[in-house]
Structures are given as structure tokens and as C-alpha cells.
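A look at the structure
The residues making up each chain are set out below.
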Amino acid sequence: MLLVLPVGIMAQEPFVVVLDAGHGGHDPGTIGNKAKEKDINLGVVLKLGEMIEKNLSDVKVVYTRKGDYFKTLQERCDIANDAKGSLFISVHVNSVDRKNRRRSTIHGAATYTLGLHRSADNLAVAKRENAVMMLEDDYSERYCGFDPNSTESYIIFELNQNKHLDQSIEFAGKVQKELRTTASRADNGVRQAGFWVLAKTGMPAVLVELDFICNPASEAFMASESGRRKLATAIYNAVDDYKRAYDISTGKKVPEKKVSSKKQRRQETGAEEAPSVESATGGSPSVVSPGSASSVRTYRVQFMTSPRKVPKGSSKFRGIDEYVEYHEGSMWKYSSTDLADMRSARRRLAELRKKFPDAFIITIVDGQRVN
Ligand SMILES: [Zn+2]
């Protein structure tokens, strides 16, 4: 007998989110002054998984690693494919090499989908992340002759017919929006490049580069509990939005939003508001939260206080690319962005005193001014 069930009664395949904390074990990933990429990735992924399990009861979470151990790139793909993942999220931290003059100031988040890189920067990120395969003895054989360091090798990703690309880009856009608003990261956009883990997972897949570990302020933010919670909350919100859209498209009844507003979401997930860094010129990415960590101390140069908010673009900020603005008591206070050590702080102080003779250095520990 042929049984025909109406769509609504048909057993739904569970929605499976595969969380991939990049690197691990003897592979630390990129390294900052104190923090290691592998620990940041895992810290954010574990928080994110917990939030999904707590708030989205019809979503199953699968991890490619839950501790500090090594998994090959192909093993990560196998775990995702065996679990019949609906969405693959690989979490990483960015960096640029020591010769790069922007090393200590570059910042911001980018979310990658599979595709052929359009810039040398994007290719460099893919090369670095794919190079993990070279830690395996027989990588050439295992990865079908793919050479992570050879630019020519990357042509295979252009030929790779990716039927999930539209959904991957849609999700990546949501992740970027949330990293900008919820985690106050500068938005470096949705990008494309050839990552092995995105090419070999048969599902919508993205790779998130949370921020740059070579920038001391970004490092401090990612090393801190509150920073990781904000990053996890941001990706959680993106998953929630994406899942809702997915349910509507598959005809599933969508429940009321458990957490409807940003404020409620913050309460639910425990994230707090961060002060913002403004770009004085009002150009590209303008908002980035200064770092905070119990173990990382940073410095800022406070150069101006005002009873009224000084508008962005005011001539008072001329010559200053970026500054931190916060409201304390009845005053608005303006300082430089975070500086890693006292020497850099003194150097910045000397520069700022030319225009603001009363500027002084403040010490920031755990996101709070301590002097
Ligand atoms: Zn990485």
C-alpha cells in the first residue's frame, strides 16, 4: 500500500549545525602576544554551541572538535558530511605577517564562502588556513595533489560547482551584519576564496575570520570572556535568523522568536554593550570595540572631554584616524584606540599633545579604566 503523508506530518530531518573550531593540538593557528588562535576558536565555538542547544531546541549541534586536539581538514569535512549537516561554520582568527606595516592596526571581521579569490589578501588567508594540511605526512596524496602554497592549485575552486553557494552567501551576510552590530567588529565584508573545508562539505558552508590577532586591541577582545561571548552571540543570532528563513522556505511552522530584540538577546546570552570606536573620517569600517581581558592590559591616550557629544567629522578630530568615544558621568570622553604597551602609549601621547596639550595616558584592564 502506498502511503501519502501531507507535508506537515512528514518526519522532518533535523537541522544540523556543524561547528568547526579551526586548528587545535600541535597546530596553534595564528599567534598573538599571548593568545593562540586555536583557543579563541574553541572558546567561541563552545559558547555558540551552548547557546544554540539552549535556545533552538530543534537544532542539533555537531562539533568537529570539543577540546584541544588536532583534526585534519579532511576529517573535519568527513564529520560534517557524516552528520548530514545543514550548515557548516568554521571559526578562525586572522593575522598578517610581521613585515606588514598595518600589522598592529589592521582589524575587523570577514566571512568567507567558497569561490575564486578576487584579491591577493583573500588568497593569502586561504593559503594560510589550507596550509594546515601540510602538517600531515602524506598530504599530497590525501588531498589529491592539491598544493596549498601554489596559486595555480586554486583554480579548482572556480571549477567547483557549488550548489549551496547562494545559501552560503546569504548566511555569511547575516554573520557579518551581526559581527558588526552585536560584537562591534569592523565589517570587512563577505568574501570568497578557496578553502578546503568549504569545498569538501556538501552543505551551505562559511569560514569566519573573527578579527586580527596581530592587533593588540583585537587580540585582547578575543582573549576575553566577554569578547568571546559577544562573538558567539553574534554568530548565534545569524544562525537563528537563517534557520527561521529556512523553516519558512520549507513550509515549517515557525515558532515565535524566543529572543526578539537585541536587548533581550543580550540578556539571554549574557552579552553586554561595548563602547565604540569611531572612525573620525567617517570612511569605511567605523565601529570596533576596544579589547578587554583579565590577563591583557592595554593603554589609551585620553585627549578630550566634553559635556556634549562631539559629532563625528568635527574639525576637533582632524588628523586622528580612529578614536574611542564613551560616556562617563555627565561627560563624553575621547581617547586613542588601545595600545599594547606603555612605549607605544608614550609615543601616541607625544603626537596627541601637539594638538591636545592636556592629553594623558589611561590604563585599561578587563575593559575598564583603572587609573
Ligand atoms: Zn585559522
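From a predicted model like this one, the values you see are computed outputs, not experimental measurements. (Residues numbered from 1 in each chain as written. Predicted model: local features only at pLDDT ≥ 70, side-chain atom pairs only at ≥ 80, totals over all residues. Heavy atoms only, no water.)

1. Here we look at the overall build of the protein
If you tally the helices and strands in the protein, you get 11 helices and 12 strands. Across the 371 residues that make up the protein, the buried fraction comes to 54%. For the protein, restricting intrachain contacts to residue pairs at least 6 apart in sequence, the fraction spanning at least 24 positions comes to 76%. Summing over all exposed atoms, the protein offers an accessible surface of approximately 17,800 Å²; the carbon and sulfur share of this is 50%. (Helix = DSSP H or I, 4+ residues; strand = E, 2+ residues; numbered from the N terminus. Buried < 20%, exposed > 50% of the residue type's maximum accessible area, 1.4 Å probe, protein only. Contact = heavy atoms within 4.5 Å. Areas by Shrake-Rupley, 256 points an atom, 1.4 Å probe, with all protein chains shown as cover.)

2. Points about empty space enclosed by the protein
What the rule picks out here adds up to one cavity of 30 Å³ or more. As for the largest cavity, its lining consists of L73, H92, E129, N130, F195, W196, V197 and L207. Elements with a minimum of two residues in the lining of the largest cavity: α3 (120-130) and α7 (196-199). Tallied by class, residues from the lining of the largest cavity come to five nonpolar, two polar and one charged. (1 Å grid on protein atoms, 1.4 Å probe; cavity = no way out; pocket = protein on both sides within 12 Å on 5 of 7 lines; lining within 4 Å. Points joined across faces, edges and corners; volume = space filled by probe spheres on them. Nonpolar A, V, L, I, M, F, W, Y, C, P; charged D, E, K, R; others polar.)

3. A short note on the packing of helix α6 (residues 165-181) against helix α9 (residues 225-249)
Pairs of packed helices are described in terms of their axes, by the angle between the two and the distance that separates them. At their nearest, the axes of α6 and α9 sit 8 Å apart, and the two run at 140 degrees to each other. By the angle between their directions, the pair α6 and α9 is classed as oblique. With respect to the hand of their crossing, α6 and α9 are arranged in right-handed fashion. Here α6 contributes Q167, E170, F171, K174, V175, K177, E178 and L179 to the contact with α9, which in turn contributes L231, A234, N237, A238, V239, D241, Y242 and A245. Among the residues making up the contact of α6 with α9, the classes are represented as nine nonpolar, two polar and five charged. (Axes fitted to C-alpha atoms, helices over the stretch in contact; angles between N-to-C directions. Parallel < 35°, antiparallel > 145°, perpendicular 65-115°, else oblique. Left-handed = near helix turned anticlockwise from the far one by under 90°.)

4. Re the packing of helix α1 (residues 37-55) against α9
Relative orientation of the contacting elements α1 and α9 amounts to 50 degrees, with a least axis distance of 8 Å. Taken together, the axes of α1 and α9 lie oblique to each other. In this structure, α1 meets α9 at a crossing whose hand is right-handed. Residues D39, I40, G43, V44, K47, L48, M51, I52 and N55 of α1 form the contact with α9, whose own contacting residues are E225, R228, R229, L231, A232, T233, I235, Y236 and V239.

5. Some thoughts on unusual backbone geometry
The phi dihedral of H23 is positive, around 65 degrees, even though this residue is not glycine. Tracing the chain through its elements places H23 in the loop between β1 (15-21) and α1. Given the relative accessible area of 5%, H23 is considered buried. Despite not being glycine, S184 shows a phi value in the positive range, around 50 degrees. By the element assignment, S184 lies in the loop between α6 and β5 (187-193).

6. Examining helix α11 (residues 342-353)
Compared with the 16 Å implied by 1.5 Å per residue over 12 residues, the 16 Å span of α11 between its first and last C-alpha is a close match. All of the buried residues in α11 are S344, A345, L349 and L352. End-on view of α11: buried residues confined to an arc of 140 degrees, all on one side of the axis. Away from the buried face of α11 by more than 90 degrees, exposed residues R343 and R346 are located. (Expected span 1.5 Å × (residues − 1). Arc of directions from axis to C-beta.)

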